[in-house]
2 protein chains.
Amino acid sequence: MTPPLRSALDFLLHDWLHAESLTARERFADHSRETFDAVLDTCERIAREKYAPFNRTVDTEEPRFDGERVILPQCTHDARQAYAESGMLSAAQDYELGGMQLPYVVESAANAFFGVASISISSSLLTTGNANAILAHGTALQQQVFAANEFNGRWTGTMCLSEPQAGSSLSDIATRAVSDGEDFERDPLGPRYRLQGNKMWISAGEHEMTENIVHLVLAKIPGPDGRLVPGVKGISLFIVPKHLVDTEGRLTGERNDVALAGLNHKLGWRGTTNTLLNFGEGRYPVRGSAGAIGYRVGQPGEGLKCMFHMMNEARIAIGMAATMLGLAGYYASLDYAKTRLQGRPIGAGGKDTTQPQVPLIEHADVKRMLLAQKSYCEGALALNLYCARLVDEVRTGEPQAAAEARLLLEVLTPIAKSWPSENCLEANSLAIQIHGGYGYTRDFPVEQYWRDNRLNMIHEGTHGIQAMDLLGRKVVMQGGAGLALLARAMGRTLDEARGHAQLAGWADQLAQALQDVEATTRAAWATGDAQQALANAVPYLQAFGHMVLAWTWLDVALAVLRSDTTLSIAASQGRMGAARYFYHYELPRIGAWLAVVARRDMTCADMSASMF
Amino acid sequence: MTPPLRSALDFLLHDWLHAESLTARERFADHSRETFDAVLDTCERIAREKYAPFNRTVDTEEPRFDGERVILPQCTHDARQAYAESGMLSAAQDYELGGMQLPYVVESAANAFFGVASISISSSLLTTGNANAILAHGTALQQQVFAANEFNGRWTGTMCLSEPQAGSSLSDIATRAVSDGEDFERDPLGPRYRLQGNKMWISAGEHEMTENIVHLVLAKIPGPDGRLVPGVKGISLFIVPKHLVDTEGRLTGERNDVALAGLNHKLGWRGTTNTLLNFGEGRYPVRGSAGAIGYRVGQPGEGLKCMFHMMNEARIAIGMAATMLGLAGYYASLDYAKTRLQGRPIGAGGKDTTQPQVPLIEHADVKRMLLAQKSYCEGALALNLYCARLVDEVRTGEPQAAAEARLLLEVLTPIAKSWPSENCLEANSLAIQIHGGYGYTRDFPVEQYWRDNRLNMIHEGTHGIQAMDLLGRKVVMQGGAGLALLARAMGRTLDEARGHAQLAGWADQLAQALQDVEATTRAAWATGDAQQALANAVPYLQAFGHMVLAWTWLDVALAVLRSDTTLSIAASQGRMGAARYFYHYELPRIGAWLAVVARRDMTCADMSASMF
């Protein structure tokens with residue numbers, strides 16, 4: 001029997017998204033369903049052998065610092081090595097860079113296996129994102145020296161944005177970068193600076209898994225008066241390697257002045273080291289002056305723009321991570337519910353205790369908790385793969401289609417990140433509940449999934465920031481062109497669904513939801529006052545997300561009906577059941593969320609600190 | 001300045017519930033506002049000195065078994081000793097038993113300080129509940145030997161219900177109790193039996209904090225054919241002391257055959273040992289035959305009835321525990337939001353990054369997360385104190401009032417237990433969110449509150465079981481008399497609220513919610529088919545709970561208006577803000593929950609195992 005994740009991915013990739021049709025494009029011409037399957041097979045196997053057995057190990061054997069080096073369990077080294085050797089780090093890259101030119105949607109699907117097996121061992125997304133940012137904005141030599149050695153697995157990468165005094169508020173970062181000598185612009189690795197400052201929440205900021213670590217650091221170049229430019233406009237981007245390298249990518253033997261100031265001890269996601277790093281504090285003095293050596297990427301003042309390039313994909317990846325944790329809990333609780341005997345069903349004979357106990361899955365409320373999980377997590381998986389498919393369209397579509405995909409992706413990214421973070425976390429809670437007391441013990445995996453998943457509403461832009469991005473920017477930019485584009489895409493699904501008696505009711509429900517969201521968007525901004533419009537941005541995000549997921553499920557349901565003869569009957573009934581659950585139990589929730597947005601409810605905003 | 005919990009308790013106890021009026025009753029005649037205050041003062045102090053500083057200690061220094069004894073950190077011993085010495089174990093008991101004859105509502109309020117300070121050190125509720133069950137159903141000597149020595153702090157007590165193969169399904173327990181010799185009925189401590197079986201999830205099942213542990217054990221007495229009676233009717237209740245005692249309560253020096261089989265390693269709530277116990281496995285052979293010695297309490301076959309006596313109060317206590325964890329997170333995140341500087345407000349000047357950063361609490365979304373917590377947790381506190389006040393009415397009210405209070409309590413108990421378990425857990429998640437990345441680290445207390453609180457939807461009857469109890473029994477028993485009584489109580493609040501222009505709109509909203517719940521209750525049972533009626537019992541529980549909390553807030557708002565001149569303006573505005581939040585953001589959610597119940601939606605129930 002095909003494992004459930006593989007079945008879900010195969011259905012979504014092929015029956016729904018027709019990934020194979022991408023092979024008609026020049027970039028993917030060497031690919032076929034067979035090569036896609038081979039990549040999934042490989043990842044499934046590595047995840048099964050090198051990741052899944054060690055998920056609890058990386059939770060209990062937390063990273064620790066012995067004063068000289070960060071110690072990680074052996075399984076983390078082994079898993080990373082197996083991943084790097086698989087070629088997945090550069091799967092989507094050009095052949096010249098050693099890549100496979102794999103569509104991003106297939107790469108995302110293949111990476112799903114690692115997320116389900118062990119999310120915190122599998123955090124390679126920062127290395128890929130880091131290297132992609134250098135590819136997009138770095139010089140040819142920066143690409144060759146730094147990006148290429150990340151893609152080939154020799155080095156890892158980090159993203160250094162936050163600082164202890166500036167978490168979500170990047171405009172307030174205080175790390176300084178001053179030009180390093182008169183000849184600073186003539187360094188072949190890029191304009192050379194000296195950096196001083198502290199960076200917080202840096203994942204994989206220090207370890208011994210690779211011979212070098214490539215930090216991508218946001219810092220401010222002081223003006224002629226020596227003062228930092230306030231706001232995000234003063235921010236530039238720098239490559240700061242842990243060990244200095246030459247133009248051939250060889251270590252020069254000089255340790256750069258990047259020092260571990262502390263490890264963060266987290267609630268979950270413990271397989272990934274999270275650090276506070278000090279740049280240029282003087283612990284590792286280098287080349288006779290103060291500061292860590294860094295090479296500027298792109299133009300001064302454009303650091304955030306360069307970084308955002310990697311942040312959108314990072315956000316989709318976080319959505320995928322949340323989804324994978326949700327699915328991991330769903331599979332665990334499904335397995336438990338099928339095997340654990342407990343109680344008897346309600347109704348005729350239910351109280352006849354001479355009868356043997358039945359599996360948990362026979363109870364209606366357990367089915368409800370399983371179906372909710374399936375609806376949340378398979379829906380989130382579909383949405384994230386759809387977004388990944390849009391990334392392929394941006395990269396390889398005809399100009400008009402690429403432009404539309406880019407705009408749609410802008411609107412959907414906050415949802416792809418936030419919706420799974422919130423709802424697949426709830427799924428993990430349901431997975432615990434199905435296990436009863438056992439779910440609350442560390443003998444079962446579900447409590448860890450729940451702890452791990454709690455991170456996803458926080459990192460890569462909190463829920464509140466995603467909400468401001470959506471309602472404050474994405475649905476209003478270009479005169480609302482993004483929302484209008486989404487409405488047209490939904491309209492195509494609605495038109496098709498209305499042709500199926502089975503789906504017409506859901507189509508009406510969704511059409512109404514879309515009207516309500518559109519009307520609410522206008523009402524929120526009716527006074528043009530951002531404080532009023534955004535006072536309830538998170539409820540808006542929640543409602544918008546539910547609408548998008550309802551659309552996703554309706555579109556998936558169409559694919560089920562289209563493919564019905566080739567799929568297993570039970571699997572199709574399961575997908576239709578999950579879609580029905582979403583329309584019956586979830587979509588009706590949006591009314592309560594939208595109401596406060598539409599009337600610009602200031603109940604919360606009007607509170608003052610002394611009233612709490 | 002009065003600490004926030006004390007202000008909340010004072011307001012609810014006195015301005016809302018008029019606890020002092022209980023002193024007009026004979027049982028409480030020696031009491032006054034001053035004696036109530038003194039008890040609260042004492043508990044507040046002990047909680048501050050002996051509990052709060054050690055909440056993280058009991059999380060990191062989990063109970064462990066060295067092969068002979070269970071090791072707990074010293075702070076746990078100290079906290080328990082201080083609690084026992086305070087007299088709170090028997091606060092509500094008669095003077096003759098060494099008690100203070102304190103009203104239960106005041107006892108509950110006083111215990112709140114321990115819950116907020118450290119929920120898992122503070123788990124004394126089982127000892128009190130155990131002793132209360134012996135008081136209610138035991139013989140005079142059982143009361144004197146066992147209950148009295150629990151109330152005075154010499155011994156602790158447990159509740160041994162679940163078994164590894166029978167979690168929520170008590171009818172399937174397999175622990176056997178056979179009469180111990182011909183003279184078994186003549187033992188002065190009660191009819192003597194030998195017990196054999198395994199009990200799971202036993203809190204405080206083994207430790208060295210006291211010289212003895214009094215286990216209250218559910219077991220089945222085999223029929224003449226040696227077989228156990230199926231179902232709950234065959235269950236009896238037994239006192240099984242860890243060490244045997246004489247009729248004076250002195251240890252005889254004989255260890256009873258109760259053996260620790262294992263400690264459960266939990267997600268949270270780690271200050272309380274949780275155990276698997278083997279009764280009569282032969283590890284401690286006693287008096288020459290097999291089995292642990294137990295003394296029956298009450299009549300054979302009435303064990304569950306005797307145990308339920310303590311389960312209702314235990315359920316209210318769980319609701320209080322969930323509430324206290326919620327409040328602990330609220331206070332922590334409020335403090336953080338007031339002191340942590342981050343970003344700038346939206347709107348005029350908001351993007352002027354030359355201005356200093358503002359405290360988090362200046363951001364609308366942070367206020368939203370704080371107000372949601374306040375609304376959930378102070379609302380839950382009010383409901384639980386109201387239920388505690390009903391317990392006093394049952395015990396000391398005039399016959400008619402006592403009977404009504406008993407019936408109302410039956411209906412409200414599933415809500416008092418389940419609503420805080422779900423919503424104050426969500427509050428804890430919001431407290432993490434306000435802290436951002438710091439909330440995800442173990443340097444801040446909020447992640448622990450969230451982990452600790454996850455237990456409350458599971459123990460003392462899962463969410464699913466509370467829901468079946470409510471919709472399957474409480475609202476339909478006696479021809480719906482319980483629901484009708486609740487409606488009348490709500491009606492009194494509605495009548496008064498309609499007289500206030502400020503509250504009339506909320507009263508209309510609540511009246512509609514009540515009508516919807518009543519209509520949905522009828523619709524659920526319209527076909528008389530329990531499978532259909534109960535298919536969506538949990539959404540019903542959620543909607544019913546939100547209605548009850550909306551009622552609670554409306555009634556609290558009336559007390560605010562009544563007492564307005566004597567209270568701080570900011571505190572009153574805060575309470576009205578929390579009430580408004582509930583009416584604007586929360587009550588409108590019930591529509592989505594009730595809809596599936598009203599149409600007896602079988603989307604989940606119709607799923608078969610193969611479709612998942």
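Please read these numbers as outputs of a predicted model, since none were measured by experiment. (Residues numbered from 1 in each chain as written. Chains lettered and ligands numbered in written order. Predicted model: local features only at pLDDT ≥ 70, side-chain atom pairs only at ≥ 80, totals over all residues. Heavy atoms only, no water.)

### Comments concerning the overall build of chain A
And step 1. Within chain A, the secondary structure is distributed over 18 helices and 12 strands.
And step 2. Taken over the C-alpha trace, chain A has a radius of gyration of 25 Å; the compact-globule value for 612 residues is 25 Å, and the two agree within 12%.
And step 3. Each principal axis of the C-alpha atoms in chain A carries an extent, and together these give about 85 × 60 × 55 Å.
And step 4. At a minimum sequence separation of 6, the contacts of chain A that also span at least 24 residues come to 75%.
And step 5. Working note: accessible area of chain A is about 21,100 Å², and carbon and sulfur atoms make up 51% of it.
And step 6. A gap of 3 Å separates the mean positions of the 56 positive and 67 negative side-chain charges of chain A. (Helix = DSSP H or I, 4+ residues; strand = E, 2+ residues; numbered from the N terminus. Rg over C-alpha atoms; globule rule 2.2 N^0.38 Å. Contact = heavy atoms within 4.5 Å. Areas by Shrake-Rupley, 256 points an atom, 1.4 Å probe, with all protein chains shown as cover. Lys, Arg positive; Asp, Glu negative; His and termini not counted. Charge placed at Lys NZ, Arg CZ, Asp CG, Glu CD.)

### Concerning the environment of B:Gly223
And step 1. As for its position among the elements, B:Gly223 is in the loop between strand 6 (213-220) and strand 7 (235-241).
And step 2. Under the relative-accessibility criterion, B:Gly223 is labelled partly exposed at 23%. (Buried < 20%, exposed > 50% of the residue type's maximum accessible area, 1.4 Å probe, protein only.)

### Observations concerning the side chain of B:Glu62
And step 1. As for its position among the elements, B:Glu62 is in the loop between helix 3 (55-60) and strand 1 (64-65).
And step 2. Side chain to side chain, B:Glu62 and A:Arg442 meet in a polar contact 2.9 Å long.
And step 3. Contact partners of B:Glu62, with chain neighbours within four places excluded, come to A:Arg442, B:Ile71, B:His265, B:Lys266 and B:Arg270. (Polar contact = N/O pair within 3.5 Å; in protein donor to acceptor, adjacent residues only side chain to side chain.)

### A look at the relation of the copies chain A and chain B
And step 1. Between chain A and chain B, which share one sequence, the superposing operator has a rotation angle of 180° and an axial displacement of 0.0 Å; the RMSD is 0.0 Å. Taken together, the rotation and translation relating the two chain copies correspond to the operation of a two-fold axis. Taking the C-alpha atom as reference, chain A places A:Arg589 closest to the rotation axis, 3.3 Å from it.
And step 2. When you check the interface residues of chain A against chain B, 100% turn up at the interface there too, and the contact is symmetric in its surfaces. (Least-squares fit on C-alpha atoms with pLDDT ≥ 70 in both.)

### Focus: helix 11 (residues 446-453) of chain A
And step 1. Burial within helix 11 of chain A is extensive, with 8 of its 8 residues counted as buried.
And step 2. Looking at helix 11 of chain A, one finds that the buried residues are A:Val446, A:Glu447, A:Gln448, A:Tyr449, A:Trp450, A:Arg451, A:Asp452 and A:Asn453.
And step 3. Tucked inside the fold, the buried residues of helix 11 of chain A contact helix 3 (55-60), helix 8 (303-339) and helix 10 (399-435) of chain A together with helix 10 (399-435) and helix 11 (446-453) of chain B.

### Some details on the pattern of salt bridges
And step 1. Under the criterion given, the structure shown has 82 salt bridges over all chains.
And step 2. Where A:Arg451 meets A:Asp59, a salt bridge forms, and the shortest distance between an N and an O atom there is 2.8 Å. In this pair, A:Arg451 sits in helix 11 while A:Asp59 sits in helix 3, placing the two residues 392 residues apart along the sequence.
And step 3. Salt bridges sharing partners connect three or more residues here, namely A:Arg56, A:Asp59, A:Glu62, A:Arg270, A:Glu447, A:Arg451 and B:Arg442. (Salt bridge = Lys/Arg side-chain N within 4 Å of Asp/Glu carboxyl O.)

### Points about unusual backbone geometry
Residue and element names in this part refer to chain B.
And step 1. With a phi angle near 70°, Trp201 is a residue other than glycine that sits in the positive phi range.
And step 2. Positive phi, normally seen in glycine, also occurs at Gln478, with a value near 50°.
And step 3. One can find Gln478 in helix 13 (residues 477-498).

### Some thoughts on the interface of chain A and chain B
And step 1. At the junction of the two partners, chain A supplies 92 residues and chain B supplies 92 residues.
And step 2. Roughly 7,800 Å² of surface becomes buried between chain A and chain B when both sides are summed, with 62% attributable to carbon and sulfur atoms.
And step 3. Among the residues chain A hides against chain B, the three largest losses belong to A:Ile346, A:Tyr440 and A:Phe612. Together they make up 12% of the total.
And step 4. Summed over the shared surface of chain A and chain B, the result is 4 salt bridges.
And step 5. B:Glu62 is the salt-bridge partner of A:Arg442, the closest N and O atoms lying 2.9 Å from each other.
And step 6. Where chain A meets chain B, there are 39 residue pairs in polar contact (both at pLDDT 80 or more).
And step 7. Per-element tally for the side of chain A that touches chain B: the top contributor is helix 17 (residues 569-586) of chain A, with 8 residues.
And step 8. Considered class by class, the residues forming the side of chain A that touches chain B number 41 nonpolar, 31 polar and 20 charged. (Buried area = accessible area lost by both parts, 1.4 Å probe. Nonpolar A, V, L, I, M, F, W, Y, C, P; charged D, E, K, R; others polar.)

### Digging into empty space enclosed by the protein
Residues and elements named next belong to chain A.
And step 1. In the structure shown here, the tally under the stated rule is 13 cavities of 30 Å³ or more.
And step 2. Counted as a void, the second largest cavity has a volume near 530 Å³.
And step 3. Around the second largest cavity, the lining is made up of 32 residues, and of these Tyr104, Asn111, Ser124, Leu125 and Ala317 lie nearest the centre.
And step 4. Of all the secondary-structure elements, those providing two or more residues to the lining of the second largest cavity are helix 5 (104-117), helix 6 (125-137) and helix 8.
And step 5. The biggest single contributor to the lining of the second largest cavity is helix 8, with 8 residues.
And step 6. Within the lining of the second largest cavity, the residues separate by chemical class into 19 nonpolar, 10 polar and 3 charged. (1 Å grid on protein atoms, 1.4 Å probe; cavity = no way out; pocket = protein on both sides within 12 Å on 5 of 7 lines; lining within 4 Å. Points joined across faces, edges and corners; volume = space filled by probe spheres on them.)

### Quick word on the nonpolar core
And step 1. With 318 residues, the main nonpolar core has A:Leu486, A:Phe544, B:Leu486 and B:Phe544 as its most contacted residues.
And step 2. Aside from chain neighbours lying at most four places away, what touches B:Leu486 is B:Leu408, B:Val411, B:Leu412, B:Phe544, B:Met547, B:Val548 and B:Trp551. (Core = buried A, V, L, I, M, F, W, Y, C linked by side-chain atoms within 4.5 Å.)

### Re the environment of B:Lys305
And step 1. Within the fold, B:Lys305 resides in helix 8 (residues 303-339).
And step 2. As a C-alpha pair, B:Lys305 and B:Val232 span 73 residues in sequence and 9.6 Å in three-dimensional space.

### Structural notes on the pairing of strand 12 (residues 292-297) of chain B
Residues and elements named next belong to chain B.
And step 1. Of all the 6 residues making up strand 12, 6 are buried; the element is thus mostly covered by neighbouring parts of the structure.
And step 2. Sheet topology note: the strand 5 (residues 192-203)/strand 12 ladder contains 4 bridges and is antiparallel. By the bridge assignment for strand 12, Arg194 is matched with Ile293.
And step 3. One ladder, built from 3 bridges, connects strand 7 with strand 12; its direction is antiparallel. Looking at the pairing, Leu237 lines up with Val297 of strand 12. (Pairing = 2+ DSSP bridges.)

### Structural notes on the side chain of A:Thr158
Residue and element names in this part refer to chain A.
And step 1. Checked against the element boundaries, Thr158 lands in strand 3 (residues 156-160).
And step 2. Looking at Thr158, its side chain comes within polar contact range of the side chain of His215, at 2.9 Å.
And step 3. Those residues in contact with Thr158 that sit more than four places away from it in its chain are Asn130, Ile202, Ser203, Ala204, Gly205, Ile213, Val214, His215 and Leu216.

### Describing the packing of aromatic side chains
And step 1. The tally for this structure, following the rule as stated, stands at 35 aromatic pairs over all chains.
And step 2. Centre to centre, the rings of A:Phe146 and A:Trp155 are 6.3 Å apart; their planes meet at 50°, and the pair counts as tilted.
And step 3. By relative accessible area, A:Phe146 is classed as buried at 0%.
And step 4. Where B:Tyr83 meets B:Phe114, the ring centres are 4.9 Å apart and the plane angle is 85°; that geometry is what we call edge-to-face. (Phe/Tyr/Trp six-rings, centres within 6.5 Å; stacked < 30°, edge-to-face > 60°.)

### As for the confidence of the model for chain A
And step 1. For chain A, the mean per-residue pLDDT works out to 95, and 99% of the residues sit at or above 70.
And step 2. Among the scores for the predicted complex, ipTM is 0.97 and pTM is 0.97. (pLDDT = per-residue confidence, 0-100.)

### Focus: the packing of helix 1 (residues 4-16) of chain B against helix 16 (residues 537-563) of chain B
Two measures define how a pair of helices packs: the angle their axes make with one another and the distance between the axes.
All names here are of chain B.
And step 1. Close contact between helix 1 and helix 16 brings their axes to 10 Å; oriented N to C, the two are set at 80°. Comparing the axis directions of helix 1 and helix 16 gives the class roughly perpendicular. Where helix 1 approaches helix 16, its residues Phe11, Leu12, Asp15 and Trp16 are matched on the opposing element by Thr552, Asp555, Val556, Ala559, Val560, Arg562 and Ser563.
And step 2. Taken together, the residues of the contact of helix 1 with helix 16 sort by class into 6 nonpolar, 2 polar and 3 charged. (Axes fitted to C-alpha atoms, helices over the stretch in contact; angles between N-to-C directions. Parallel < 35°, antiparallel > 145°, perpendicular 65-115°, else oblique.)

### Some details on the environment of A:Gln355
Residue and element names in this part refer to chain A.
And step 1. Relative to the helices and strands, Gln355 is located in the loop between helix 8 and helix 9 (364-396).
And step 2. A relative accessible area of 41% places Gln355 in the partly exposed class.
And step 3. A C-alpha to C-alpha distance of 47 Å links Gln355 and Ala513, two positions 158 residues apart in sequence.

### What about the packing of helix 16 (residues 537-562) of chain A against helix 18 (residues 590-598) of chain A?
All names here are of chain A.
And step 1. For the pair helix 16 and helix 18, the least separation of the axes is 8 Å and the interaxial angle reads 140°. Looking at the two axes, helix 16 sits oblique to helix 18. Regarding helix 16 and helix 18, the two cross each other, and that crossing is left-handed. Two secondary-structure elements touch here, helix 16 through Pro539, Tyr540, Gln542, Ala543 and His546 and helix 18 through Ile590, Trp593, Leu594, Val596 and Val597.
And step 2. Residues of the contact of helix 16 with helix 18, tallied by class, amount to 8 nonpolar, 2 polar and no charged. (Left-handed = near helix turned anticlockwise from the far one by under 90°.)

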